[in-house]
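In case you want the letters, here they are:
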Amino acid sequence: MEQKKYLNFFNKLGYGTGDWAANMVYGLITTFAMVYLTTTAGMNAGIIGTLIMISKFADGITDVFCGTLIDRTKSKFGKARPWMLFSYIGNALCLIAVFIIPQSWGDAAKYAYFFIAYTLLNAVFYTANNISYSALTSLITRNNNERVQLGTFRFIFSTLANMFVNSMTMVIVYKFSTGDAGVATASGWRAVAIIYAIIGIVVNTFSVFSVKELPPEEGEEEKKEEVPAEEKITLWESLKVLCKNKYFLLITGLYFFAYFSVSVSMGCAAYFFMYIVGDMSKFGGFMNVFSLTCVAGLICAPFIVAKLKNMRKLNCWSFVIQIVFRILFVIGAYKLTNTTGDKNLLFITIMWGACSLFNCTFAGTINALIAETAEYSYLKTGKHLEGAMYSCSSVGFKVGSGVGSGLSGWLLAAAGFNGAVMVQTPACNNMITFMFAVIPLIVTVVNLVLFYFLKVEDATKKLREGNAA
């Protein structure tokens, strides 16, 4: 029986633009906030990294509250759309606040101001906006195929937004900076934050009003029976089941190290181009290679999975190949650190693209592996924990990126980074290269080991065969 269709092309397109709005905030904060804070605002990298880490941990707590509030909301606009609409105003204001730290204040006041603004942005408004936006997937259609299509539109606009942020941020900063050409000043950072905040508000509002939430009674006739009360388990019981599931723990570890690596390498990528390449105008093109090759890889991944019929094997081979390219990337990055030249930059750009191409199998298969782990848990225990099973992505993302941000700041501070000077010491340049190239290589090796033991597909198959027998 063909599923009922709820959305037209305009609805899907409009929904997808919500990720463009989200990445006006996320992209700027993730890639450029540390650069602004340590160079223009003159703040200590170690302290900033610690404050970001604490804020990320706090974000894990607010997820639960935001989700509960959305579930309890009743309005003529639905449950999620009001939260998505109004939380972005807070996003915009806090984004601007992070990039207008008063230069005349003392150090303690600056750090307190940043921590409050960043935490409000990250743990309150961005969390509320992102959770409500994600919840819309299940609230605007009951059609599984349409939900998959919404995910595709999200990814397209997320990629386009990241390319825009990577390409245009420093162009805008230099355009509005006062003083010497090629030097970023407070006025330039303030301008880019205001421009991105305005773009985000407009696009987010368009996304909110491009779709409508279905009435609660829609689809009720499809429900055959309610879950018996005795099958419902407490939060504590759910946690015990999850912690006993080794595949859940392995996937949580994969998420942790993936976002730890992204936080460290992406966080210092701008430093690499600023102090080692010596030309920030080439930064956008370099980062866009990552986005474009990732798109190409994600398109190919489903066909390769269908051929191999095993997601674990695909990822293991992808990580083995990626390790080779990452070793070459490390060699090229250190050569560029010691000897500048366009040929060296071209070489590491090619290696960067190759790493991204083979790393994308992780993004293309991880949700399916989580679903497989959820089925394994059900066949093993008889308890449905699909929702709780997906918490591994949230926990891994927040803890991994938090620890990565903290470590980035500590390593830069330990290497003697000085944002007030145009040229860093050789020791500091080597540390930047280590964070940018070597740490991702180490993480890739660790993730290969984790994937080797992630034999959940085989384990689930055995349980199915045993139940059938």
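Definitions and cut-offs
- Residues numbered from 1 in each chain as written.
- Predicted model: local features only at pLDDT ≥ 70, side-chain atom pairs only at ≥ 80, totals over all residues.
- Heavy atoms only, no water.
- Phe/Tyr/Trp six-rings, centres within 6.5 Å; stacked < 30°, edge-to-face > 60°.
- Helix = DSSP H or I, 4+ residues; strand = E, 2+ residues; numbered from the N terminus.
- Buried < 20%, exposed > 50% of the residue type's maximum accessible area, 1.4 Å probe, protein only.
- Lys NZ or Arg CZ within 6 Å of the ring centre and 35° of its normal.
- Contact = heavy atoms within 4.5 Å.
- Expected span 1.5 Å × (residues − 1).
- Bend = angle between axes of the 7 residues up to and from the residue.
- Polar contact = N/O pair within 3.5 Å; in protein donor to acceptor, adjacent residues only side chain to side chain.
- Axes fitted to C-alpha atoms, helices over the stretch in contact; angles between N-to-C directions.
- Parallel < 35°, antiparallel > 145°, perpendicular 65-115°, else oblique.
- Left-handed = near helix turned anticlockwise from the far one by under 90°.
- Nonpolar A, V, L, I, M, F, W, Y, C, P; charged D, E, K, R; others polar.

Things to note about the packing of aromatic side chains
Part 1 of the reasoning: Considering all chains together, one arrives at 34 aromatic pairs under this definition.
Part 2 of the reasoning: Plain terms: the ring middles of F325 and F358 are 5.8 Å apart, the flat faces sit at 20° to each other, and that makes the pair stacked. Linking F325 in helix α10 (residues 311-338) with F358 in helix α11 (residues 342-381), this pair joins segments that are 33 residues apart in sequence.
Part 3 of the reasoning: Residue F358 is classed as partly exposed on the basis of its relative accessible area of 24%.
Part 4 of the reasoning: Taken together, a centroid distance of 5.8 Å and an interplanar angle of 35° make the contact between F329 and W352 tilted. Residue F329 is found in helix α10, and its partner W352 is found in helix α11; the two are separated by 23 residues along the sequence.
Part 5 of the reasoning: Exposure remark for F329: the relative accessible area of 1% places this residue in the buried category.
Part 6 of the reasoning: Using a relative accessible area of 5% as the deciding quantity, one classes W352 as buried.
Part 7 of the reasoning: Each residue in the set F32, Y36, F99, W189, F272, F273, F283, F286, F290, F329, W352 and F436 is aromatic and connected to the rest through ring pairs, giving one cluster.
Part 8 of the reasoning: The ring of Y452 carries R312 above its face, with NZ or CZ at 5.5 Å from the centroid.

Notes on the environment of T460
Part 1 of the reasoning: Among the structural elements, T460 can be located in helix α15 (residues 456-468).
Part 2 of the reasoning: C-alpha of T460 to C-alpha of Y376: the two residues are 84 residues apart in sequence and 5.1 Å apart in space.
Part 3 of the reasoning: Not counting residues within four places of it along the chain, the set of residues in contact with T460 comprises E372, E375, Y376 and L379.

As for helix α1 (residues 9-40)
Part 1 of the reasoning: Across its 32 residues, α1 extends 44 Å between first and last C-alpha, which sits within 8% of the 46 Å expected from 1.5 Å per residue.
Part 2 of the reasoning: Approximately 55° is the largest bend angle found in α1, and it occurs at F32.
Part 3 of the reasoning: Across the 32 residues of α1, 27 count as buried, placing the element largely inside the fold.
Part 4 of the reasoning: One side-chain oxygen at the N-terminal end of α1 lies 3.1 Å from the backbone nitrogen of F10; it belongs to N8.

A word on the packing of α1 against helix α8 (residues 246-277)
Part 1 of the reasoning: Running from N to C, α1 and α8 point in directions that differ by 55°, and their axes come no closer than 7 Å. Between α1 and α8, the angle falls in the class oblique. Note that α1 runs across α8; the crossing there is right-handed. Seen from α1, the contacting residues are T30, T31, M34, V35, T38 and T39; seen from α8, they are M266, G267, A270, Y271, M274 and Y275.
Part 2 of the reasoning: Along the lines of polarity and charge, the residues of the contact of α1 with α8 split into 7 nonpolar, 5 polar and no charged.

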